[in-house]
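So you can see what is in the structure, the chains are spelled out below.
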10 protein chains.
Amino acid sequence: MLFAVRMSVTVPLDLDEDVKADILAREKSYSQDLQAGGEWQHIWRCVGQYSNLSIFDVAENERLHDILWNLPLFPYMEIDVTPLARHPSQVVAPSQP
Amino acid sequence: MLFAVRMSVTVPLDLDEDVKADILAREKSYSQDLQAGGEWQHIWRCVGQYSNLSIFDVAENERLHDILWNLPLFPYMEIDVTPLARHPSQVVAPSQP
Amino acid sequence: MLFAVRMSVTVPLDLDEDVKADILAREKSYSQDLQAGGEWQHIWRCVGQYSNLSIFDVAENERLHDILWNLPLFPYMEIDVTPLARHPSQVVAPSQP
Amino acid sequence: MLFAVRMSVTVPLDLDEDVKADILAREKSYSQDLQAGGEWQHIWRCVGQYSNLSIFDVAENERLHDILWNLPLFPYMEIDVTPLARHPSQVVAPSQP
Amino acid sequence: MLFAVRMSVTVPLDLDEDVKADILAREKSYSQDLQAGGEWQHIWRCVGQYSNLSIFDVAENERLHDILWNLPLFPYMEIDVTPLARHPSQVVAPSQP
Amino acid sequence: MLFAVRMSVTVPLDLDEDVKADILAREKSYSQDLQAGGEWQHIWRCVGQYSNLSIFDVAENERLHDILWNLPLFPYMEIDVTPLARHPSQVVAPSQP
Amino acid sequence: MLFAVRMSVTVPLDLDEDVKADILAREKSYSQDLQAGGEWQHIWRCVGQYSNLSIFDVAENERLHDILWNLPLFPYMEIDVTPLARHPSQVVAPSQP
Amino acid sequence: MLFAVRMSVTVPLDLDEDVKADILAREKSYSQDLQAGGEWQHIWRCVGQYSNLSIFDVAENERLHDILWNLPLFPYMEIDVTPLARHPSQVVAPSQP
Amino acid sequence: MLFAVRMSVTVPLDLDEDVKADILAREKSYSQDLQAGGEWQHIWRCVGQYSNLSIFDVAENERLHDILWNLPLFPYMEIDVTPLARHPSQVVAPSQP
Amino acid sequence: MLFAVRMSVTVPLDLDEDVKADILAREKSYSQDLQAGGEWQHIWRCVGQYSNLSIFDVAENERLHDILWNLPLFPYMEIDVTPLARHPSQVVAPSQP
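Residues numbered from 1 in each chain as written. Chains lettered and ligands numbered in written order. Predicted model: local features only at pLDDT ≥ 70, side-chain atom pairs only at ≥ 80, totals over all residues. Heavy atoms only, no water.

Per an unreviewed UniProt entry, chain A carries the name Muconolactone Delta-isomerase and comes from Cryobacterium glaciale. Note on chain A: under the UniProt heading Pathway (unreviewed entry), the record states "Aromatic compound metabolism; beta-ketoadipate pathway; 5-oxo-4,5-dihydro-2-furylacetate from catechol: step 3/3." Its UniProt record gives chain A the following Subunit (unreviewed entry) comment, quoted word for word: "Homodecamer." (UniProt positions renumbered as here; feature names shortened; annotations may be inferred.)

Below, the structure written as structure tokens:
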């Protein structure tokens, strides 16, 4: 089940540099584990913004909330969720897993 | 070069059914040709909306404008374009072409 | 899987009365079938508005889109979808099915 | 008398952890008492948000204001209230209490 | 139970003058009956706008929806409803019923 | 001359409790004096909000600005002013002073 | 008593040219009479817009509403009213009446 | 060349009172010098707001920016600029300089 | 004197094709004359939109309004005007006229 | 490939003056290097705002993001990006480099 998620980050200007570095390292690792696991399918940087557009493929709403709520950057994010469905114009690739 | 594009369609309620069917058929064919060609990478339906979220991979801005401007549904669409870049947290797949 | 859906209706002022009555009758029947089937769990009128707030319980995004897209009033509606999850403060009723 | 209430929480990033834990514990208990009493009929988490959608069934406006104003998280919330009425398409369950 | 209601009117520019006059006459009569009955407590014109701010005192949400839904101008209105409660700073008049 | 005024209050979370209590006491007293004097005709709490809707009857714009500017809570308020006029549908009470 | 009023005009694209010319002629004459009478103190065109910013000096709210409501272009306008007061930094001209 | 400028002030609640008094005194003097010089033609207080609506008559854009950028309150202001032109309905006073 | 102008076009879907072609031809010619004359310095298409971003260099506000008001597409446009000034970081080209 | 970029700056009121001066000096130098290199084609101050409108000519999205992300003022900026394309009405200068 697919969802488009836009995450916009506002890190406080006075956040301690070490604390910030630690959060960002954990965020990256957290994201890459979920990418490796197949649930976080895409992540793109929005040009000129501290934000990303991501596509998630999860079993259900609860799982998506769980993933987002536990993002190390969650307290600094504004998040926008759009549930997606198959589009009738989509070309189905022959061997798409 | 990647772009996220959100297209929202408002077909006039009194549009002739044959005209409408023709436009929709041409829209689908137009989209599928570009998907086959690799420039229109993804198209998803936004749940409960007459709109889609698409990802384009084009050589330059001019080409993206050309594609969107010539959509058969263009006169009925509101379009929002977001240029994308690679995200530092993105996992690079070993054999991604 | 739960979703909150707000539907706001704008029927054209010059819509033929018989056509309108037919659409509304089909809308009501369509809604009540889905209520009886358990997928459309709640429907409330928003006071002073031609709109409703509904709660759906569906198997997946595709199903929700299918239900909304086929509403007889869909061409006259603006629809807003919010995916829901269980709230940690929710009291679990002893015998809630 | 039914109301839909959307509560969005913004806890200050520098709030003392003990103070925060105490507020959240009192909020949960406060909410569950009202759920047990039947006035707070539903509470759902909005996916990816620190916010909830709730349905209240209260005797009058004064009572709803009283409930919301005394939420332990009230000073940290943005609240949106929508009065609800019975929808003509609602199926009436035979033995609904 | 008090509610503030803002009603903004957009009458189509090509509405037949007789039809319009009839609707306006019925609207005025409808409003004055409810004012006489005590449910429509105040109605003020917003300066420079085709809109009014009104205060209603009704027994419950259902009654308010019923009143608004049956306004002769309802199909031409955008309506905004704000539930009101007693303010702690309000001076209680000695003999206010 | 009537005006509708909506005042929304945001008291800083770290405001000293004594300072806050003093401001609120002065605000209440200030409001009640103007109510007693007839210029502040109505004040209602907006349900679930730290805000009020008020009706003022003042001799001129200057007087209204003077009243609002000197509210003890003014530095913490967002204020929205709507000039009002008599509505043609208003029922004139026989002995309304 | 001063008010700033912004008027934005949207004339329907299919309005009969004679009807339009007549409305515009009456609008101009109406405005100039009020300018001559001193109530319509200023009128400026907003660059690149079919809209104006005006300053009115009227005895009371009722009079301002009366003036605006009877503008020949009123049915085609969106109007925004801001009550004004004397600014403490304003230089008082020696012989300003 | 005329411009309408709306300036909205947000002075931090914890700004030192002496610093604030100094800024306000310099702001007033700065404004009055420009009023005396004829470039700052009008300044009105918006009722109930810490904001003003002003009319400037300057030789060119650069000059207007220079004036606004050097306002003592500039760091605390949100500013909105509207270029104005002569309105075709404006009555030309016989001896207007 | 520089201005950034964003023009967004909405041509009615039922506009006669010949009328439309004529307007567009006149628009193009009108724009190119002003480009040749040096007042319309830049015009860019916004990707995926029926709108442009333009830069004008005109003697005064009146002239800019005159240019925009007489655009053949003016009745179909929404226009947004931003006055520009020299930026302190701008590199001055050696022989820039 | 052209992009219009609007950058709006909000420097914290309590930022150390030396730190601020250093950031601004680095920002100016950074901008001027890119102007000299031809990628930052235009930069204009928006009148009355701490913001600029800029035109960039870059090889691809990645490069634009890189430029913007590394602006010394980036943490204090709100940035809006609009991809541009050639406009069909644009006059092509004979010897435009």
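Draft legend 1. Up close: the sheet that holds strand 4 (residues 77-86) of chain H. Ordered in space as 1(G)-3(G)-2(G)-4(H)-1(H)-3(H)-2(H)-4(G), the 8 strands form a closed barrel in which the pairing is antiparallel. Averaged over neighbouring strand pairs, the angle between their axes works out to 35 degrees when direction is ignored. Bridging between strand 1 (residues 2-9) of chain G and strand 3 (residues 51-57) of chain G involves 7 bridges; their strand directions are antiparallel. Its bridge partner lying in strand 3 of chain G, F3 of chain G is registered against F56 of chain G. Contacts between helix 1 (residues 17-37) of chain G and the sheet are confined to strand 2 (40-46) and strand 4 (77-86) of chain G, with strand 2 of chain G contributing the most and set at about 135 degrees to the helix. Packing against the sheet, helix 2 (residues 61-69) of chain H makes contact with strand 1 (2-9), strand 3 (51-57) and strand 4 of chain H, and its axis sits at approximately 20 degrees to strand 1 of chain H. (Pairing = 2+ DSSP bridges. Helix = DSSP H or I, 4+ residues; strand = E, 2+ residues; numbered from the N terminus. Axes fitted to C-alpha atoms, helices over the stretch in contact; angles between N-to-C directions. Contact = heavy atoms within 4.5 Å.)

Draft legend 2. Spotlight on the interface of chain A and chain C. Residue-level contacts link 13 residues of chain A with 13 residues of chain C. Taken together, both faces of the contact between chain A and chain C bury some 870 Å²; the carbon and sulfur share is 62%. Our count for the contact surface shared by chain A and chain C stands at 0 salt bridges. At the level of secondary structure, the elements contributing two or more residues to the side of chain A that touches chain C comprise strand 1 (2-9), helix 2 (61-69) and strand 4 (77-86) of chain A. The element contributing the most residues to the side of chain A that touches chain C is strand 4 of chain A, with 5 residues. Looking at the side of chain A that touches chain C, its residues break down into 8 nonpolar, 2 polar and 3 charged. (Buried area = accessible area lost by both parts, 1.4 Å probe. Salt bridge = Lys/Arg side-chain N within 4 Å of Asp/Glu carboxyl O. Nonpolar A, V, L, I, M, F, W, Y, C, P; charged D, E, K, R; others polar.)

Draft legend 3. Region of the structure containing the interface of chain A and chain B. In this complex, chain A contributes 26 residues to the contact, which on the side of chain B involves 26 residues. At the boundary of chain A with chain B, total buried surface from both sides reaches about 2,300 Å², with 64% on carbon and sulfur atoms. The largest contributions to the chain A side of the interface with chain B come from W44, R45 and H87 of chain A, which together make up 25% of the buried area. Linking chain A with chain B are 0 salt bridges, by the criterion used here. The interface formed by chain A and chain B holds 12 residue pairs in polar contact (both at pLDDT 80 or more) in total. Those elements giving two or more residues to the side of chain A that touches chain B turn out to be strand 1, helix 1 (17-37), strand 2 (40-46), strand 3 (51-57) and strand 4 of chain A. For the side of chain A that touches chain B, the residue count by class is 13 nonpolar, 9 polar and 4 charged. (Polar contact = N/O pair within 3.5 Å; in protein donor to acceptor, adjacent residues only side chain to side chain.)

Draft legend 4. Geometry of the pairing of strand 3 (residues 51-57) of chain E. All names here are of chain E. Counting buried positions along strand 3 gives 6 out of 7 residues, so the element sits mostly inside the fold. The pairing of strand 2 (residues 40-46) with strand 3 spans 5 bridges and is antiparallel. In the strand pairing of strand 3, W44 is matched with L53. Linking two consecutive strands that pair antiparallel, namely strand 2 and strand 3, is a turn of 4 residues; a positive phi of about 80 degrees is found at G48 within it. (Buried < 20%, exposed > 50% of the residue type's maximum accessible area, 1.4 Å probe, protein only.)

Draft legend 5. Region of the structure containing the environment of L53 of chain C. Counting through the fold element by element, L53 of chain C comes out in strand 3 (residues 51-57). Note: C-alpha distance between L53 of chain C and V5 of chain C (48 residues apart in sequence) is 5.8 Å. In this structure, L53 of chain C is in contact with V5, H42, I43, W44 and C46 of chain C together with A4 and I55 of chain D, ignoring residues within four places of it in sequence.

Draft legend 6. Region of interest: the pattern of salt bridges. One pass over the structure, following the stated rule, counts 30 salt bridges over all chains. R26 of chain G is the partner of D22 of chain G in a salt bridge, and the nearest nitrogen-oxygen pair spans 3.2 Å. Here the residue D22 of chain G and the residue R26 of chain G both occupy positions in helix 1, the gap between them amounting to 4 residues, near one helical turn. As a salt-bridge pair, R63 of chain G and D66 of chain G come within 3.7 Å of each other at their nearest N and O atoms. Taken together, the residues R63 of chain G and D66 of chain G, both in helix 2 (residues 61-69) and 3 residues apart, mark about one turn of the helix. With a relative accessible area of 29%, R63 of chain G lands in the partly exposed category. A single salt-bridge network, built from bridges that share partners, covers E39, R63 and D66 of chain A.

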